[in-house]
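This is what each chain is made of:
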Amino acid sequence: MTDVTNGVLHTLFHSDQGGHEQVVICQDRASGLKAVIALHSTALGPALGGTRFYPYASEADAVADALNLSRGMSYKNALAGLDHGGGKAVIIGDPERIKSEELLLAYGRFVASLGGRYVTACDVGTYVADMDVVARECRWTTGRSPENGGAGDSSVLTAFGVFQGMRASAQHLWGDPTLRGRKVGVAGVGKVGRHLVEHLLSDGAEVVITDVRAESLRAITDLHPEVTVAADTDALIRTEGLDVYAPCALGGALNDDSVPLLTAKVVCGAANNQLAHPGVEKDLADRSVLYAPDYVVNAGGVIQVADELHGFDFERCKAKATKIFDTTLEIFARAKADGIPPAAAADRLAEQRMAEAHSR
């Protein structure tokens, strides 16, 4: 673990991806729990972010993911107008093999030990039922079931927010906030992607999908036989006539290999950390591809789980998520005015809000 520890310390204290307030390494040998909780910022309020349960190749990869995701949550929460900072947790392991009630309860105790500095919720590999278990040991848990006082599945509003960001992209690029007649490719039709497909079809879009899980594809095509299936993500992004590409699976979808192959003129999706490295945003701009920053358009879910802490009201949350349309347009306008990519413009706006909070 020495190399991992040294890498974490270097990232925290010396790299551009650092600046985190606190990183907690958690272990419960009885249940097999190994977790990392990263708090990037509490300037705007308690750090809020989900718990990812994933079979990382190494502890170093898990730590890196927690750091990147928590930093992204600071920016997401700031631009969503929430009084929350950014945090994220990752549990190391295959949830299909090691997830248990004992492990989730142990994890809840670690979150509770932070005394409210971190509020957790669902992410990849964790679900509403898991949060119900975690909440038995930790009152700073959101994304719970309605039966247990929660708001339920946050993927509904996440997809709605992405759709608003996509509408804003269409408005900016084509002068009309609709996807009617546009061909949209959705990579990943799981929790969020399947809801996004419904919005797109209702709006009159032509939809192409792909997913590593055959059952997820069948669930869509059984309901909507007009939807086309691409063999894989590489095939999807090469689709002739594609107008919009929506990455809705894991991060890093926009990289040195994929960007040169894009046929779409807009990228707007639900996945976190879509840019594999900072230089990718310039590559997109150089190819005249409009990128709607992921942490802006996928904020519908965090808007919902934040609202749950104060007594959930779906219509209130939906109204807040609708504002993602305006925020996305504001970012595009600032990017154009400042001569910078949209991702950089989004960062500037988020950093401005966090700086103002620090100065109060």
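Help me get a handle on the environment of Glu-198, residues and values and all.
Positionally, Glu-198 belongs in helix H7 (residues 193-202). Separated by 91 residues in sequence, Glu-198 and Val-289 place their C-alpha atoms 24 Å apart. Polar side-chain contacts of Glu-198 include one of 2.8 Å to the side chain of His-224.

An account of the pattern of salt bridges is needed here, citing residue identities and associated values.
Where charged atoms from two side chains of opposite charge come close, those side chains can pair. All chains considered together, the criterion is met by 17 salt bridges. When the shortest N-O distance is used, the salt bridge between Asp-338 and Arg-348 registers 3.4 Å. Placement of the pair is Asp-338 in helix H14 (residues 324-338) and Arg-348 in helix H15 (residues 342-359), with a sequence separation of 10 residues. The class for Asp-338 is partly exposed, based on a relative accessible area of 36%. Bridged by salt links that share partners, the residues Arg-52, Asp-65, Lys-88 and Asp-123 form one connected network.

Give a detailed account of the nonpolar core, specifying residues and quantitative values.
If you look at the biggest cluster of nonpolar residues, it comprises 67 residues, and the most contacted ones within it are Ile-37, Tyr-107, Met-166, Val-186, Leu-196 and Leu-200. Non-local contacts of Leu-200, meaning those with residues more than four positions away in its chain, are made with Phe-163, Met-166, Leu-179, Val-184, Val-186, Ala-205 and Val-207. With 18 residues, the next largest nonpolar core counts Val-208, Leu-236, Ala-253 and Leu-254 among its residues.

Please give an account of the state of the cysteines that cites residues and values.
Using the criterion set out here, one finds 0 disulfides in the structure. Of the cysteine sulfurs around Cys-122, a residue in no disulfide, the closest is that of Cys-138, at 13 Å. Just so you know, Cys-317 is unpaired, no disulfide at all, and the nearest cysteine sulfur is the one on Cys-122, 15 Å from it. Assessed through its relative accessible area of 0%, Cys-317 is described here as buried.

Lay out the environment of Asp-326 in plain terms, naming residues and giving numbers.
Relative to the assigned elements, Asp-326 resides in helix H14. In this structure the C-alpha to C-alpha distance between Asp-326 and Val-208, which are 118 residues apart in sequence, comes to 27 Å.

Hey, could you go over the packing of helix H12 (residues 300-308) against helix H13 (residues 314-322) for me, with residue numbers and the actual values?
Helix packing geometry: the angle between the two helix axes and the distance between the axes. At their nearest, the axes of H12 and H13 sit 9 Å apart, and the two run at 145 degrees to each other. When the axes of H12 and H13 are compared, the crossing they make is right-handed. Seen from H12, the contacting residues are Gly-300, Ile-303, Gln-304 and Asp-307; seen from H13, they are Arg-316, Cys-317, Lys-320 and Ala-321. In terms of residue class, the contact of H12 with H13 is built from 3 nonpolar, 2 polar and 3 charged.

Describe the sheet that holds strand E7 (residues 206-210), and please don't skip the residues or the numbers.
Spatial ordering of the open sheet is given by E8-E7-E6-E9-E10-E11, a layout of 6 strands whose pairing is parallel. Of all the strands in the sheet, just strand E8 (228-229) and strand E11 (290-291) have a single pairing partner and so form its edges. In the sheet, strand E6 (residues 183-187) pairs with strand E9 (residues 244-247) via 4 bridges, with the strands oriented parallel. Within E9, the position partnered with Ala-187 by the bridge is Pro-247. The sheet strands contacting helix H8 (residues 214-223) are E7 and E8, and the helix crosses E7 at an angle near 155 degrees.

Any details on the pairing of strand E2 (residues 33-41)? Residues and values, ideally.
The buried fraction of E2 amounts to 8 of the 9 residues, a majority that puts the element mostly inside the structure. The hairpin turn running from strand E1 (residues 22-28) into E2, its antiparallel successor, is 4 residues long, and Gly-32 in that turn takes a positive phi close to 85 degrees. Note that E2 and strand E4 (residues 85-92) share 6 bridges and pair antiparallel. Bridging from a neighbouring strand, Ser-41 pairs with Gly-86 of E4.

Before we move on, could you go through a nonpolar patch on the surface and cite the residues and values that matter?
A grouping of Tyr-54, Val-124 and Leu-250 is seen on the molecular surface, where their side chains present a nonpolar patch of about 210 Å² in accessible area. Given the relative accessible area of 38%, Leu-250 is considered partly exposed.

Before we move on, can you summarise the sheet that holds E1 with the specific residues and values?
Ordered by their spatial adjacency, 5 strands build an open sheet running E1-E2-E4-E3-E5, and the pairing between neighbours is mixed. In the strand order of this sheet, the two ends are held by E1 and strand E5 (118-122), each with one partner. Across the sheet, the axes of successive neighbouring strands diverge by a mean angle of 20 degrees, strand direction being ignored. Taken strand by strand, helix H2 (residues 59-79) contacts E1, E2, strand E3 (47-54) and E4, and its axis lies near 155 degrees from that of E4.

What counts, and where the lines are drawn
Residues numbered from 1 in each chain as written. Predicted model: local features only at pLDDT ≥ 70, side-chain atom pairs only at ≥ 80, totals over all residues. Heavy atoms only, no water. Helix = DSSP H or I, 4+ residues; strand = E, 2+ residues; numbered from the N terminus. Polar contact = N/O pair within 3.5 Å; in protein donor to acceptor, adjacent residues only side chain to side chain. Salt bridge = Lys/Arg side-chain N within 4 Å of Asp/Glu carboxyl O. Buried < 20%, exposed > 50% of the residue type's maximum accessible area, 1.4 Å probe, protein only. Core = buried A, V, L, I, M, F, W, Y, C linked by side-chain atoms within 4.5 Å. Contact = heavy atoms within 4.5 Å. Disulfide = S-S within 2.5 Å. Axes fitted to C-alpha atoms, helices over the stretch in contact; angles between N-to-C directions. Left-handed = near helix turned anticlockwise from the far one by under 90°. Nonpolar A, V, L, I, M, F, W, Y, C, P; charged D, E, K, R; others polar. Pairing = 2+ DSSP bridges. Patch = residues over 30% accessible without salt bridge, like charges linked within 9 Å, V, L, I, M, F, W, Y side chains within 5 Å. Areas by Shrake-Rupley, 256 points an atom, 1.4 Å probe, with all protein chains shown as cover.

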